[in-house]
Amino acid sequence: MAKIKVNVVIAGRTYPLSVNSTDEEEGLRKAAKSINELIAKFEQNYAVADKQDVLAMSALQFASKAEIVSLKNTKEKAEVLQKINELTNLLEDHLL
């Protein structure tokens, strides 16, 4: 499959990228839109002297959300594995 060329604009700068599918293109465009919306929110709510500050705060917010989701998923997986082990032990006790 041919690469799809995409230009995304983040904080007023254009970034030319290549992706493998229209799904990736859509994901990039949505991500860029989310970043730009968050930048606008920070600029409206805080006295910002430099774009780098809002970019850093945006990156921090997205990264922290990703880490929170990852930690939650890890905790849920551990709980599911614990329940499976408990059920397996119960079944083994009743079958023996």
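Residues numbered from 1 in each chain as written. Predicted model: local features only at pLDDT ≥ 70, side-chain atom pairs only at ≥ 80, totals over all residues. Heavy atoms only, no water.

If you look the protein up in an unreviewed UniProt entry, it shows as Cell division protein ZapA from Tenacibaculum mesophilum.

1. Re the overall build of the protein
Stated precisely, the cut-off is as follows: Strands here mean DSSP runs of E at least two residues long; helices mean DSSP runs of H or I at least four residues long; both are numbered from the N terminus. Residue burial is assigned from relative accessible area. The probe radius is 1.4 Å, only protein chains are included, and a residue is buried under 20% of its type maximum, exposed over 50%, and partly exposed in between. In what follows, a contact means two residues having at least one pair of non-hydrogen atoms within 4.5 Å. A residue counts as positive if it is Lys or Arg and as negative if it is Asp or Glu; His and the chain ends are not included. By convention, the charge on Lys lies at NZ, on Arg at CZ, on Asp at CG and on Glu at CD.
Scanning the protein from N- to C-terminus turns up 2 helices and 2 strands. Reading the helices (α) and strands (β) of the protein from amino to carboxyl end gives β-β-α-α. Expressed along its principal axes, the backbone C-alpha trace of the protein runs to roughly 70 × 45 × 15 Å. Relative to its full complement of 96 residues, the protein shows a buried share of 12%. Nonlocal contacts in the protein, meaning residues at least 24 apart in sequence, comprise 21% of its contacts between residues at least 6 apart. One way to put it: in the protein the 13 positive side-chain charges average out to a point 7 Å from where the 14 negative ones average out.

2. Section: helix α2 (residues 51-95)
Heads up, the condition is: Multiplying 1.5 Å by the helix residue count minus one yields the expected span of that helix. Polar contacts, as counted here, are pairs of nitrogen or oxygen atoms within 3.5 Å of one another; within protein the pair requires one atom able to donate a hydrogen and one able to accept it, and residues that are adjacent in sequence qualify only if both atoms are side-chain atoms.
Its 45 residues give α2 an end-to-end C-alpha distance of 65 Å, which sits within 8% of 66 Å, the value for a rise of 1.5 Å per residue. Residue D50 occupies the N-cap position of α2, its side-chain oxygen lying 3.2 Å from the main-chain nitrogen of Q52.

3. Regarding the nonpolar core
Grouped burial of nonpolar side chains is what soluble globular proteins tend to show. Put simply, the rule is: In these notes, a set of buried Ala, Val, Leu, Ile, Met, Phe, Trp, Tyr and Cys residues joined through side-chain atoms within 4.5 Å is what counts as a nonpolar core.
Among the nonpolar cores identified, the biggest contains 10 residues, and these are V6, V8, I10, A11, V19, A32, L38, I39, F42 and V54. When residues of this core are traced back to their parent elements, those giving at least two are β1 (4-10) and α1 (22-45). Counting residues per element, this core draws most heavily on α1, which supplies 4 residues. Sequence-distant contacts of I39, that is, excluding residues within four places in its chain, are made with I10, A11, K51, V54, L55 and S58.

4. Describing the pairing of strand β2 (residues 13-19)
For clarity, the cut-off: What makes two strands pair is DSSP finding at least two bridges between them.
As paired strands, β1 and β2 are joined by 7 bridges and run antiparallel to one another. From the neighbouring strand, I10 faces β2, where its bridge partner is R13. Following β1, the chain reverses through 2 residues before pairing antiparallel with β2; A11 in that reversal takes a positive phi of roughly 55°.

5. A look at a nonpolar patch on the surface
Selection criterion: What makes a patch is a set of residues exposed beyond 30% relative accessible area and free of salt bridges, joined within 9 Å when like-charged and within 5 Å when nonpolar (Val, Leu, Ile, Met, Phe, Trp, Tyr). Only the protein chains shown count as cover for residues, and all accessible areas are computed by the Shrake-Rupley method using a 1.4 Å probe. Salt bridge, as applied in this entry: a Lys or Arg side-chain nitrogen positioned within 4 Å of an Asp or Glu carboxyl oxygen.
A cluster of nonpolar side chains, V80, L81 and I84, forms an exposed patch at the surface whose accessible area comes to about 270 Å². Tracing the backbone shows I84 in helix α2. By relative accessible area, which is 43% here, I84 ends up partly exposed.

6. A closer look at the side chain of S58
With respect to the element layout, S58 can be found in helix α2. Classification of S58 by relative accessible area gives buried; the value is 2%. Among residues more than four places away in sequence, those in contact with S58 are I35, L38, I39 and F42.

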